[in-house]
Structures are given as C-alpha cells and as structure tokens.
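An overview of the molecular structure
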Amino acid sequence: MSLLSAAFRLSACRAALRPAASSRLYPCASAGLRLQPGRAASVSATNDNEWIHKFAFEENFNAIDRPRPSFQVMDTSGEVLAPEYDPNDKDLSWRMYTTMLQLNALDNVMYDIQRQGKISFYMTHYGEEAALMGSASSLNSEDVVYGQYREAGVLMWRGYTTQQMIDQCFGNKDDPGRGRQMPVHYGCPELNFHTISSPLGTQIPQAVGSAYAQKLRKENACTIVYMGDGAASEGDFHAGLNFAATLRAPVIFFCRNNKYAISTSVKEQYRGDGIVSRGVGYGIDAIRVDGNDVFAVQHATREARRRAVEEQKPTLIEAMTYRVGHHSTSDDSTRYRSMEEIEAWKENNNPITRLARYLEKKGWFHSEAEDAEMRKSMRKKVVQALRLAEKKPFPAVEHLFSDVYDVLPSHLQEQKNSLDKHLARHQADYEKILSQHA
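Just so we're clear, the structure is a prediction, and the values are computed from it rather than from any experiment.

To find leftover empty space, a probe the size of one water molecule is rolled over the atoms. By volume, the largest pocket amounts to about 850 Å³. Counting only elements with at least two residues in the lining of the largest pocket, the list comes to α5 (162-170), α13 (368-391), α14 (410-425) and α15 (427-436). Along the lines of polarity and charge, the residues of the lining of the largest pocket split into 16 nonpolar, nine polar and seven charged.

Membership of the largest hydrophobic core comes to 74 residues, with the highest contact counts inside it found for Tyr97, Ile166, Tyr186, Val294 and Leu355. Top contributing element to this core by residue count: helix α2 (residues 90-115), with eleven residues. Once you skip the residues sitting within four places of it in the chain, Tyr97 turns out to touch Ile352, Leu355, Ala356, Leu359, Phe365, Asp371, Met374 and Arg375. If you look at the next biggest cluster of nonpolar residues, it comprises 25 residues, including Ala245, Val251, Cys255 and Val276.

Turning next to the packing of aromatic side chains. Inspection of the entire model under this criterion finds eleven aromatic pairs. Here Phe71 and Tyr85 contribute two aromatic rings whose centre-to-centre distance is 5.2 Å and whose plane-to-plane angle is 85°, an arrangement assigned as edge-to-face. Of this pair, Phe71 sits in the loop between α1 (3-8) and α2 while Tyr85 sits in the loop between α1 and α2; the two residues are 14 residues apart in sequence, bridging distant segments of the chain. Given a relative accessible area of 7%, Tyr85 falls into the buried group.

Strand order in the open sheet formed by six strands is β2-β1-β3-β4-β8-β7, with parallel pairing between adjacent strands. Strands at the two margins of the open sheet, each flanked by one partner only, are β2 (193-194) and β7 (285-290). Pairing between β7 and strand β8 (residues 315-320): six bridges, direction parallel. If you follow Arg288 over to β8, its bridge partner there is Glu318. In the packing of helix α6 (residues 203-216) onto the sheet, the strands contacted are β1 (144-146), β2, β3 (223-228) and β4 (251-257), and the crossing angle to β3 comes to about 170°.

The next thing to look at is the pairing of β3. Where burial is concerned, most of β3 is hidden: six out of the six residues are buried. Here β3 shows a buried face lined by Thr223, Val225 and Met227 and a second buried face lined by Ile224, Tyr226 and Gly228. Examined bridge by bridge, β1 and β3 share three bridges and lie parallel to one another. Residue pairing for β3: Val145 is matched across the bridge by Ile224. Pairing analysis gives six bridges linking β3 to β4, with the strands arranged parallel. Within β4, the residue paired with Thr223 across the bridge is Val251. With helix α7 (residues 235-247) bridging β3 and its parallel neighbour β4, the resulting β-α-β unit is right-handed.

Take the pairing of β4 next. Taken across its seven residues, β4 has seven buried, putting it largely inside the fold. Side chains Val251, Phe253, Cys255 and Asn257 project from β4 onto one buried face, and the interleaved Ile252, Phe254 and Arg256 project onto a second face that is buried too. When β4 meets β8, the two strands line up parallel, connected through six bridges. Looking at the pairing, Phe254 lines up with Ile317 of β8.

Right, let's get into unusual backbone geometry. Comment: phi is negative for the bulk of residues other than glycine, and the bulk of peptide bonds are trans. Despite not being glycine, Val184 has its phi angle at roughly 65°, a positive value. The class for Val184 is buried, based on a relative accessible area of 3%. You will see that Gln312, though not glycine, has its phi angle at about 55°, which is positive. Inspection of the secondary structure puts Gln312 in the loop between α10 (294-311) and β8.

This brings us to the environment of Gly179. You can see Gly179 is positioned in the loop between α5 and β2. Here Gly179 falls in the partly exposed class, since its relative accessible area comes to 41%. Through-space distance from the C-alpha of Gly179 to that of Cys169 is 8.4 Å; in sequence the pair is ten residues apart.

Next up on the list: the side chain of Ser402. One can find Ser402 in the loop between α13 and α14. Judged by relative accessible area, Ser402 falls into the buried class, the value being 17%. A distance of 3.0 Å separates polar atoms of two side chains, one belonging to Ser402 and the other to His399. Sequence-distant contacts of Ser402, that is, excluding residues within four places in its chain, are made with Arg178 and Arg180.

Procedures and definitions
- Residues numbered from 1 in each chain as written.
- Predicted model: local features only at pLDDT ≥ 70, side-chain atom pairs only at ≥ 80, totals over all residues.
- Heavy atoms only, no water.
- 1 Å grid on protein atoms, 1.4 Å probe; cavity = no way out; pocket = protein on both sides within 12 Å on 5 of 7 lines; lining within 4 Å.
- Points joined across faces, edges and corners; volume = space filled by probe spheres on them.
- Helix = DSSP H or I, 4+ residues; strand = E, 2+ residues; numbered from the N terminus.
- Nonpolar A, V, L, I, M, F, W, Y, C, P; charged D, E, K, R; others polar.
- Core = buried A, V, L, I, M, F, W, Y, C linked by side-chain atoms within 4.5 Å.
- Buried < 20%, exposed > 50% of the residue type's maximum accessible area, 1.4 Å probe, protein only.
- Contact = heavy atoms within 4.5 Å.
- Phe/Tyr/Trp six-rings, centres within 6.5 Å; stacked < 30°, edge-to-face > 60°.
- Pairing = 2+ DSSP bridges.
- Axes fitted to C-alpha atoms, helices over the stretch in contact; angles between N-to-C directions.
- Right-handed = clockwise from strand over helix to strand, strands pointing away.
- Polar contact = N/O pair within 3.5 Å; in protein donor to acceptor, adjacent residues only side chain to side chain.

Right, here's the structure in full:
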C-alpha cells in the first residue's frame, strides 16, 4: 500500500466503544476498516444493528492536542522524503515556481497601491502559494472551480492574465463585472472559474450542485471548492458536505487551514482535530496535507480528482498552511499575533523558498542574480499593466442595469429614467469629476 493510499484510509473512531462489542456504524481504528462513504443506519423495524449493555460515551478520539499527521513529499529544505511522489518534472516544477513569483509580484504592487488609495480593497496570498499551485496543477481545464477569495493563483495557472486581474480591481471598462464587484472578486466563465462571492461559505453548497449536475450529465470532470478554516465553521460547510456524501457528488472540498479566520485563531475556532476529522462524520474520505509542500498538495488533489471522476466520490482535503499577510487591507494582523510568529513562518516554512531549494537540489535552479532579475522583470510587467488599467475609462452608466434581466422590469426602468434625467441636469458637474480621474 502506498503512503498516499494509507493516508486516505480513515476510520470513524479510536476504540470508541469498550472491547465487549462494536457498532457497525463506528468501526474501530484497530480493525483497519475503510470508511464507507454514504453508509447509513438501518431503519428496518427489525432493529438489525448490534447492541451493547454497558453505558459508555464515545470519547473525543483525536483532540486538538493529538492531531492527525499531514502527508508530505518534501521537507522545508526541499529534500524529497517520499521519492515515489516526486514528479521529477523540470518544466512542471519551473512553471510552479515562476507562477508563484508572478502572484507574489502582483500582491506586492496591488497591496501598495491600495495603501495609496488607488483601489479600495485587496487580499494577498503570501504563504499560501503552494496550496494554490499544487491543487490547480492537478485539475483539468473542464473542471469547475469555486473560490473563496484567496485563489487568484488558481486563475493565474489557468491563464488569467495580470492585466485582467488589475482591470477587475480597478473596475474599469475591461472588468468583466463592469465595476459592480469588490476588487479581487474575480470570475471567468471561459476558464470555468465562478465569480467570487463575499458572503462566507456560500460557494460550498453551490459547488456541490455543480458537481451533481456533472454527474447527471456523465461528464468526465469534477468540481473543486476552496475555503478557509473559518468558512468551515459556517452552516453552508456542513450542508455542503452532507449533500455531497448522500448524492455521491464528484466534488473536492479544499480547505486552506491558514491558522486564522481573520483575527480568530484555530485554537479559538474548534476543540476537535481541525477540519479533516469532519469529513469522517459525513461519510467523506479526507486527508490532511502539508499545504506548503506543492507536491504533497498536487498528489492529494490528483487522487481526489480521480476518485471524484472515476468513482463519484467526494473528498475533503485540509491543507495546513499559514497566512503570512494580513487577512486583507482592512486588517492589521499584528493586533492579534506577534511579528516573531510571522517572521518565523516566513523564514522557516516559506513555500516559494522550499520549491527553490528543491530546484537547486535537482540542478534546475538558475543563479541568485538571474532569480533577482526575473523577479524585477515580473514586477515591471505588473506596473506596466497597472498604468494601462489606470488610463482605461469606467464602464458606461447603463451597465448599472444590465446583465441581470433580459427585459428590464418596470421598477428598474423607472429608476433608469430617473437617473438619466439626473445626469442630464448635472452633466457638466459629472464631466468635471470624470476629467479629474482621466
């Protein structure tokens, strides 16, 4: 049995009941039984389940102080510890590395211009790049993606350009959302990436619906839905997992456990063993991986996709990572965590540095000087795209009312007529305002 297959084997409890008897619904871990997703209790009038006659609670078998291990391929030094999962692919590894750097360059520039007041909001991806590239590289282009709001790297892997991302953040005429969404709420139908929604967790049951539709249409594809550890506390998370299990929907639940739900640490979020243990309760196979190891994430996601497409089985992946940056530009994370903690993760468990060390050990890495020049060139391209986005005009006013109804309802038509009259009365004033932003 391979290490990855063994990691996927789950049991419902650790000797939950006393040795006298065991329940069919709660097989003991020592028996080495595989979890059967979707298995339900019998409702027969014969009550054909087993009974015990000694009172005992099921214990918290895997509390937060005794967590499940995380699947890992390479350590923080870039040393491969599980050679059978080393892709040993120079082109793939190099693409992962350069895409991480491109995302990093975008984050650096966009964070700075938000502080300058040029855009209203931004969210960085610092520290979570491996979770994004590892999962994105395991999917097919036909697979449907539902993001939360820190998955720009997945879109970037699929071909969404830096210019498109910056246009969206500026809400200019080339923004597909026509300026009606917050910055970083990307979406691209052509790349099968659903538009980001601000309300936390709403994408989870929606993704299950998409996956179930794929199943009914017999498509050779699956759906992946991303979330943070905080979203796993939302009711939509539990509803989504239960629907996926009972419908056997081909969906991958990908949780980025980055240690914080805005300012709430995981120690204050839950008492159990993180997010991975919740899959078991719903009859879903689950695995915990080192989220800063791009190859561990890749293998877990690839196997989860195979199970989804070939076996119609949902899977929960918990990627253990760390949010190095602030939650967003509206947050100051130093109010609830120390700089020492942040710097320790940046220095000792940086996913970009880890992959660079792997490339060095393979003899595929260029010199430090060439790496620095490449990073400089990437930043220059981001700045060029930024300057172009700034010059583009805003979407036309009539788009306030477009893209929802085929025929505009009477109440919206009334509002549009009122707006048109207002703009006509104050045309000179608005032209003056617009000229100031030209």
